[in-house]
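Structural characterization, general
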Amino acid sequence: MRQLRSSPRPGPGDVLRLIRPGLRSRRPYMGAGSPEALARKYGFSLDRLVKLDSNENPYGPSPRVLEALARPLPYHRYPEPDSETLRHALAEYVGASPDQIVVGAGSDEVILLTFAAFLGPGTAVVELVPTFVMYRLTAEALGARVVTVPREPGTYEVDVEKVIAALGPRVKVVVFCSPNNPTGNLESERTVRQVLETGAFVLVDEAYYEYCGHTFVPLISRYPNLGVLRTFSKWAGLAGLRVGYGIFSPEVARVIAGIKPPFNVSTAGQVAALESLADRDYLMSTVRKTIAERERLFQELSRFEFLRVLPSAANFIYAEVRRGSARQLTEALAREGILVRQFDVPPPRGGIRITVGLPEENDRLLEALSRLEPED
Ligand SMILES: Cc1ncc(COP(=O)(O)O)c(C=O)c1O
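Just so we're clear, the structure is a prediction, and the values are computed from it rather than from any experiment. (Residues numbered from 1 in each chain as written. Predicted model: local features only at pLDDT ≥ 70, side-chain atom pairs only at ≥ 80, totals over all residues. Heavy atoms only, no water.)

**What to know about the pattern of salt bridges**
If you walk through the whole model with that rule in mind, you get 23 salt bridges. For Lys51, the salt bridge goes to Glu56, with nearest N and O atoms at 3.3 Å. By relative accessible area, which is 31% here, Glu56 ends up partly exposed. The salt bridge partner of Glu152 is Lys162, with a shortest N-O separation of 3.0 Å. In this pair, Glu152 sits in the loop between strand S4 (145-150) and helix H6 (160-165) while Lys162 sits in helix H6, placing the two residues ten residues apart along the sequence. When its relative accessible area of 40% is taken as the criterion, Lys162 is described as partly exposed. One network of salt bridges, in which partners are shared, links Arg26, Glu127, Arg136 and Glu140. (Salt bridge = Lys/Arg side-chain N within 4 Å of Asp/Glu carboxyl O. Buried < 20%, exposed > 50% of the residue type's maximum accessible area, 1.4 Å probe, protein only. Helix = DSSP H or I, 4+ residues; strand = E, 2+ residues; numbered from the N terminus.)

See the structure below:
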């Protein structure tokens, strides 16, 4: 009998041939880089670093979280499946029902799960740049195309006509970030409603909700094609424990919950999130301190002529760099032990995103900026 020899099986060394073509040369997302590596690179001890590059809560978690995690918990057992107790507490917090909520290992995982429900090869997502880069990276990892609509120069607002013009037949999802990371501005309800009316699935990322109090959640009852993302990483100071969640219409939540691994959120993460909700008065007092510092930092930064500072509804501030470049300024600050995030918008000089830190950290930044004033 003749053997079929058209495509010989790859050998063990050909493993990359088995990987989906778009992914073969992909590198992991680097984010801000590890503080340990940056401290080593710039010759600082970790406790001297002023970390203003990842929008974390500098006051840390609620003391109730630390007490609860110091007690023995059943770590030899699997966590509560589907974060059932936490979903009930979240339902009360957000004003939805538990069957509308999906909890993930950070909102990063909820982005992945939501996109996995709508996107794959042959589909597309609209991103409104500059914005949080994980939307692009996640969509690309799933084999979807990313349609980029730039925000308006100067204001970074979204021109809804441009979004609607970008909605080809392959576009399934449009992602808004409100307040937008890195520019700090809120999305208008009118714009989001107009896009919802087109029938596309609209994901609004409210990672910084607690810093602005503005939410799109009430629109979900009217628009089942709307989903909202939240996280415990920012206001609740739990970035290291990885807890985020999405609020959807019950029919969409059911599909996303069906994709989700059952034990995706650790016992420690679930307990910490529950304790944070129970201690939200304390956590909101740290949020208010950050908002007060944000306003002070905004005033002080506005005095530097080499920066154009944008008002922010979040726990960070974006500043366009008008002299030198954002890259040079970020490097110069890092050499002083102060970490901020650099962006290449607007061209050609770019901008920096500064997380609002503790008052003394913000003072160190301001003092360094007054010494480092770039020349052209
Ligand atoms: C807009 C936005 N969404 C989501 C995330 C991811 O947060 P999490 O820690 O919940 O995965 C971040 C983190 O920086 C963010 O800025």
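**What to know about the sheet that holds strand S12 (residues 341-343)**
If you walk across this open sheet you meet the four strands as S9-S10-S13-S12, and the pairing is antiparallel. Among the strands making up the open sheet, the edge pair consists of strand S9 (307-309) and S12. Going across the sheet, the axis of each strand differs from the next one's by a mean of 30°, ignoring polarity. By the bridge criterion, three bridges tie S12 to strand S13 (residues 351-355) in an arrangement that is antiparallel. (Pairing = 2+ DSSP bridges. Axes fitted to C-alpha atoms, helices over the stretch in contact; angles between N-to-C directions.)

**Considering the domain arrangement of the protein chain**
By the assigned domains, the protein chain splits into domain 1 (35-54 + 282-372) and domain 2 (69-278). Here the C-alpha centroids of domain 1 and domain 2 sit 26 Å apart. In this complex, domain 1 contributes 22 residues to the contact, which on the side of domain 2 involves 18 residues. Taking both partners together, domain 1 and domain 2 bury about 1600 Å²; carbon and sulfur atoms supply 64% of that area. Ranking the residues of domain 1 by area buried against domain 2 places Leu283, Ala313 and Phe316 at the top, with a combined share of 32%. Linking domain 1 to domain 2 there are zero salt bridges. Going through the elements one at a time, helix H10 (280-302) and strand S10 (316-321) are the ones with two or more residues in the side of domain 1 that touches domain 2. Broken down by element, the side of domain 1 that touches domain 2 gets its largest block of residues, seven residues, from H10. The residue inventory of the side of domain 1 that touches domain 2, partitioned by class, reads 13 nonpolar, five polar and four charged. (Domains from an automatic or database assignment. Contact = heavy atoms within 4.5 Å. Buried area = accessible area lost by both parts, 1.4 Å probe. Nonpolar A, V, L, I, M, F, W, Y, C, P; charged D, E, K, R; others polar.)

**Remarks on the packing of helix H11 (residues 326-335) against helix H12 (residues 359-372)**
Running from amino to carboxyl end, H11 crosses H12 at an angle of 120°, the nearest separation of the two axes being 11 Å. The pairing of H11 with H12 is recorded here as oblique in orientation. The interaxial crossing formed by H11 with H12 has right-handed handedness. The residues of H12 that touch H11, namely those facing Leu329, Ala332 and Leu333, are Leu365, Ala368, Leu369 and Leu372. Residues of the contact of H11 with H12, tallied by class, amount to seven nonpolar, no polar and no charged. (Parallel < 35°, antiparallel > 145°, perpendicular 65-115°, else oblique. Left-handed = near helix turned anticlockwise from the far one by under 90°.)

**A few points about H10**
Helix length check: H10, at 23 residues, gives a terminal C-alpha distance of 32 Å against a target of 33 Å (1.5 Å per residue), a fit within 8%. Buried residues of H10: Leu283, Thr286, Val287, Thr290, Glu293, Arg294, Leu297 and Leu301, and no others. In this structure, the buried side of H10 is in contact with helix H9 (267-278), S9, S10, S13 and H12. (Expected span 1.5 Å × (residues − 1).)

**Observations concerning the site of the ligand**
Lining the immediate environment of the ligand, one finds 14 residues, of which Ser107, Asp205, Tyr208, Thr231 and Ser233 sit closest. Note that an oxygen atom of the ligand is positioned 2.6 Å from one of the backbone N or O atoms of Ser107. Between the ligand and Asn181 there is a distance of 2.8 Å, counted from an oxygen atom to a side-chain nitrogen or oxygen. Against a free-state accessible area of 400 Å², the protein chains account for coverage of 93% of the ligand. It is helix H4 (residues 106-118) that contributes the most residues to the shell around the ligand, three residues altogether. (Near = heavy atom within 4 Å. Polar contact = N/O pair within 3.5 Å; in protein donor to acceptor, adjacent residues only side chain to side chain. Areas by Shrake-Rupley, 256 points an atom, 1.4 Å probe, with all protein chains shown as cover.)

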